[in-house]
Amino acid sequence: MEQTSLPGIGVRHDFVTEAGRRLGVVSHRDGRRALIVYDRDDPDARLAAIPLTDDEAEALADLLGASLMLGQLAGLRDQAAGLLTEQIALPASSPFVGRPLGDTRARTRTSASIVATLRAAQVIPSPGPDFRFESGDVVVAVGTRKSLDALTRILADNDPDG
Amino acid sequence: MHQSTTVLLIEVGALMFLLGLLGRLSRRFGISPIPLYLLAGLAFGHGGLLPLNASEEFFSVGAEIGVILLLVLLGLEYSADELVGNLRAAAPVGLLDAVLNALPGAAFALILGWGWVAAVVLAGVTWVTSSGVVAKVLADLGRLGNRETPVVLSVLVMEDLAMALYLPLLTALLAGTGLLGGGIALGIAVLAVTVVLVVAIRFGGWISKAISARDPEALLLGIFGLTLLVAGVAAQLKVSAAVGAFLVGIAVSGPVAHHATRLLSPLRDIFAAVFFLFFGLTTDPAHLPPVLLPAIGLAIATIATKILTGYVAARRAGIAVRGRWRAGLALTPRGEFSIVIAGLAVATPGINPELGALATAYVLITVVVGPIIARLPDFEWFKALLRPRPTVVAAVPVQATEAQGALTQHTPDATGQ
């Protein structure tokens, strides 16, 4: 990944994919950004420059980030029979938005383990007890079917029996 | 109301309204409004179609403020980190740019027998690309993501930074203080630029915090007042008001810079238009015809040297042939800085009055031609010219099928453009 500053405009990040195509993102200083696809013929010129709004950029990042995580988790699932890995989206109405992970006492109450959190296309591995949840977080948890269901209910309304 | 004030209001109002119409016209044709403002100034100035007198003093002060606002907003666009970070990598290119583009101007003035002070002036006029016009051309052509664009921008940044040293030197020379005075002014400028850059990088956060960004009215008055004050003090020290304003812009960063840019831009638009108009007003159209041919010659020569500058700079950065041409052709328009430099000179006695007319004609040509030739590399015939001859591929049968596959993949690209 190459980072180039564009004085007076912002920053450009770009890289060459394994298939030999160049992709980039231009981030303007005022927050606008554009996805750049480079010409195969002329490696320095853009073939397309697609301006993205905040929501669109976030949605795209989510799509790409989540599929990556799923791919990694699929391998994990095969290794341990009986244990499941699940992504649980934290509901906006969850009582734990803005509160630390420790408050859920999830492992004590359900024996399911929170191994990672996905936030805005970023993976936060093994969050500690003082890790604070934010609205829109997706929790990645490992456990039995029953314990994962209980964890889902805890995250929704802090009641494991639902 | 006093009679002269009434006439002033009518003249200023009518001219501003005209500039508004011209600005609109230029947008319709997708060109920079600068040439139209200059032409309007020529039409209504000394020896023009309809000379206006009552408003001259107003436009004279307005033009000064216009230069200051142009420069402070230029400074606001860059952060001190960007300027310094760019310096080391781009210094050789900046030097090449100066040599290739300033020397033709200087040589030209000497050939015309205008003396060496005029040579220094004309060197500046032909040296500096218009960052405003080029930035707009790059955005309009959707080239901000292109890999040669940072090369183009770094040339612009180097020129703007070089102006912080060139303008004080020129101001001192024009004031007739000779080489010693010029040296002192240059020394003060180097010191001021260094101090501002160091302070902005180390304590930029503090400065920006001291000026709260929350209250737009206070921010507008604060930044505007500070800029005029620093510009005035700089002018008093013979370091050029424009450079003082540029340094204020650099020293302010972060959210304050962002808000200040938004607040000052409309003011800049008004007073910069006044500045270009005023330059046209003070240029006598009768001086234009004799300098027209020299201006065309100078424009052709320095457009060529600019293209070479961009080409070499892009090659140094590892850009392919087509990108090098794009970088070179994008850099050719001269604009606001050339007029600022010429504006300093024409106010000085002893400078040939034809210099103002030559600069006007020169900027008119490059600012109109530049954005047009910047588009050339996007045309198919231009790309075809630069494409290596395909004879090698045809000679090997196995590669021929690959070439065919590549051809079908290219078709949508070609139609898409």
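Residues numbered from 1 in each chain as written. Chains lettered and ligands numbered in written order. Predicted model: local features only at pLDDT ≥ 70, side-chain atom pairs only at ≥ 80, totals over all residues. Heavy atoms only, no water.

### Focus on the overall build of chain B
If you tally the helices and strands in chain B, you get 18 helices and zero strands. Over its C-alpha atoms, taken along the principal directions, chain B stretches across nearly 85 × 55 × 45 Å. When the 417 residues of chain B are sorted by exposure, 50% land in the buried category. The contacts in chain B between residues at least 6 apart in sequence include a share of 82% that link residues at least 24 apart. Only carbon and sulfur atoms are counted for the fraction: they give 71% of the accessible area of chain B, which is about 19100 Å². For chain B, the distance from the average site of its 24 positive side-chain charges to the average site of its 22 negative ones is 10 Å. (Helix = DSSP H or I, 4+ residues; strand = E, 2+ residues; numbered from the N terminus. Buried < 20%, exposed > 50% of the residue type's maximum accessible area, 1.4 Å probe, protein only. Contact = heavy atoms within 4.5 Å. Areas by Shrake-Rupley, 256 points an atom, 1.4 Å probe, with all protein chains shown as cover. Lys, Arg positive; Asp, Glu negative; His and termini not counted. Charge placed at Lys NZ, Arg CZ, Asp CG, Glu CD.)

### As for the interface of chain A and chain B
Taken together, the 25 residues of chain A in the interface contact 25 residues of chain B. For the pair chain A and chain B, the two sides together bury roughly 2100 Å², of which 50% comes from carbon and sulfur. The largest contributions to the chain A side of the interface with chain B come from A:Pro7, A:Asp44 and A:Arg46, which together make up 31% of the buried area. At the boundary of chain A with chain B, the tally comes to six salt bridges. Two residues, A:Arg29 and B:Glu82, come together in a salt bridge whose shortest N-O distance is 3.0 Å. Applying the counting criterion to the chain A and chain B interface returns 12 residue pairs in polar contact (both at pLDDT 80 or more). Take the side of chain A that touches chain B: its biggest share by element is four residues, from strand S1 (residues 2-6) of chain A. Of the residues belonging to the side of chain A that touches chain B, the class tally is nine nonpolar, four polar and 12 charged. (Buried area = accessible area lost by both parts, 1.4 Å probe. Salt bridge = Lys/Arg side-chain N within 4 Å of Asp/Glu carboxyl O. Polar contact = N/O pair within 3.5 Å; in protein donor to acceptor, adjacent residues only side chain to side chain. Nonpolar A, V, L, I, M, F, W, Y, C, P; charged D, E, K, R; others polar.)

### Topic: the sheet that holds strand S2 (residues 10-16) of chain A
Residues and elements named next belong to chain A. Spatial strand order, S1-S2-S3-S4-S5: five strands in an open sheet with antiparallel pairing. Two strands close off the open sheet at either side, each with one partner strand: S1 and strand S5 (46-52). Sheet twist, expressed as the average angle between the axes of neighbouring strands with direction ignored, equals 20°. In the sheet, strand S4 (residues 33-38) pairs with S5 via six bridges, with the strands oriented antiparallel. Paired with Val37 across the strands is Ala48, a residue of S5. (Pairing = 2+ DSSP bridges. Axes fitted to C-alpha atoms, helices over the stretch in contact; angles between N-to-C directions.)

### Considerations on the confidence of the model for chain A
Residues at a pLDDT of 70 or more form 90% of chain A, whose mean pLDDT is 82. Here helix H1 (residues 54-79) of chain A stands out as the element of chain A with the lowest mean pLDDT, 71, in contrast to S4(A), whose mean of 91 is the highest. (pLDDT = per-residue confidence, 0-100.)

### Considering unusual backbone geometry
Residues and elements named next belong to chain A. A positive phi is found at Arg105, a non-glycine position, where the angle reads about 45°. Mapped onto the elements, Arg105 comes out in the loop between strand S6 (84-89) and helix H2 (106-110). The class of Arg105 is partly exposed, set by a relative accessible area of 49%. With a phi close to 65°, Ser111 is a non-glycine residue in the positive phi region. With respect to the secondary-structure elements, Ser111 resides in the loop between H2 and strand S7 (113-119). Residue Ser111 is classed as exposed on the basis of its relative accessible area, which comes to 53%.

### Digging into empty space enclosed by the protein
All names here are of chain B. Under the definition given, this model contains two cavities of 30 Å³ or more. The space that makes up the largest cavity amounts to roughly 60 Å³. In terms of lining, the largest cavity is formed by Phe44, Gly45, His46, Leu52, Ser55, Glu56, Phe59 and Leu281. When its residues are assigned to classes, the lining of the largest cavity shows four nonpolar, three polar and one charged. As a volume, the second largest cavity reaches approximately 30 Å³. (1 Å grid on protein atoms, 1.4 Å probe; cavity = no way out; pocket = protein on both sides within 12 Å on 5 of 7 lines; lining within 4 Å. Points joined across faces, edges and corners; volume = space filled by probe spheres on them.)

### Digging into the packing of helix H6 (residues 131-140) of chain B against helix H7 (residues 149-174) of chain B
Residues and elements named next belong to chain B. Relative to each other, H6 and H7 sit at 165°, their axes nearing to 11 Å. One way to sum up the angle between H6 and H7 is to call them roughly antiparallel. At the point where H6 passes H7, the crossing takes the left-handed sense. Taking contact as the criterion, the partners of Ser131, Val134 and Leu138 in H6 are, on H7, Thr149, Val152, Leu153, Leu156 and Asp160. Per-class residue counts for the contact of H6 with H7 are five nonpolar, two polar and one charged. (Parallel < 35°, antiparallel > 145°, perpendicular 65-115°, else oblique. Left-handed = near helix turned anticlockwise from the far one by under 90°.)

### Concerning the packing of aromatic side chains
Residues and elements named next belong to chain B. Applying the stated criterion across every chain yields a total of eight aromatic pairs over all chains. Here the aromatic rings of Tyr311 and Trp325 are separated by 5.7 Å at their centres, their planes lie at 70°, and the arrangement is edge-to-face. Of this pair, Tyr311 sits in helix H12 (residues 288-316) while Trp325 sits in helix H13 (residues 321-330); the two residues are 14 residues apart in sequence, bridging distant segments of the chain. Members of the aromatic cluster, connected to one another through ring pairs, are Tyr311, Trp325, Phe379, Trp381 and Phe382. (Phe/Tyr/Trp six-rings, centres within 6.5 Å; stacked < 30°, edge-to-face > 60°.)

### Side note on a nonpolar patch on the surface
Residues and elements named next belong to chain B. A contiguous nonpolar surface patch, about 650 Å² in accessible area, is contributed by Leu180, Ile184, Ile188, Leu226, Leu229, Val233 and Leu237. Secondary-structure assignment places Val233 in helix H9 (residues 216-236). In this structure Val233 comes out as partly exposed when scored by relative accessible area, which is 45%. (Patch = residues over 30% accessible without salt bridge, like charges linked within 9 Å, V, L, I, M, F, W, Y side chains within 5 Å.)

### Things to note about the pairing of S4(A)
Residue and element names in this part refer to chain A. Burial along S4 is one-sided: Ala34, Ile36 and Tyr38 are buried, and none of Arg33, Leu35 and Val37, which face the opposite way, are. As paired elements, strand S3 (residues 22-28) and S4 share five bridges and run antiparallel to each other. Counterpart to Leu23 in the pairing with S4 is Val37.

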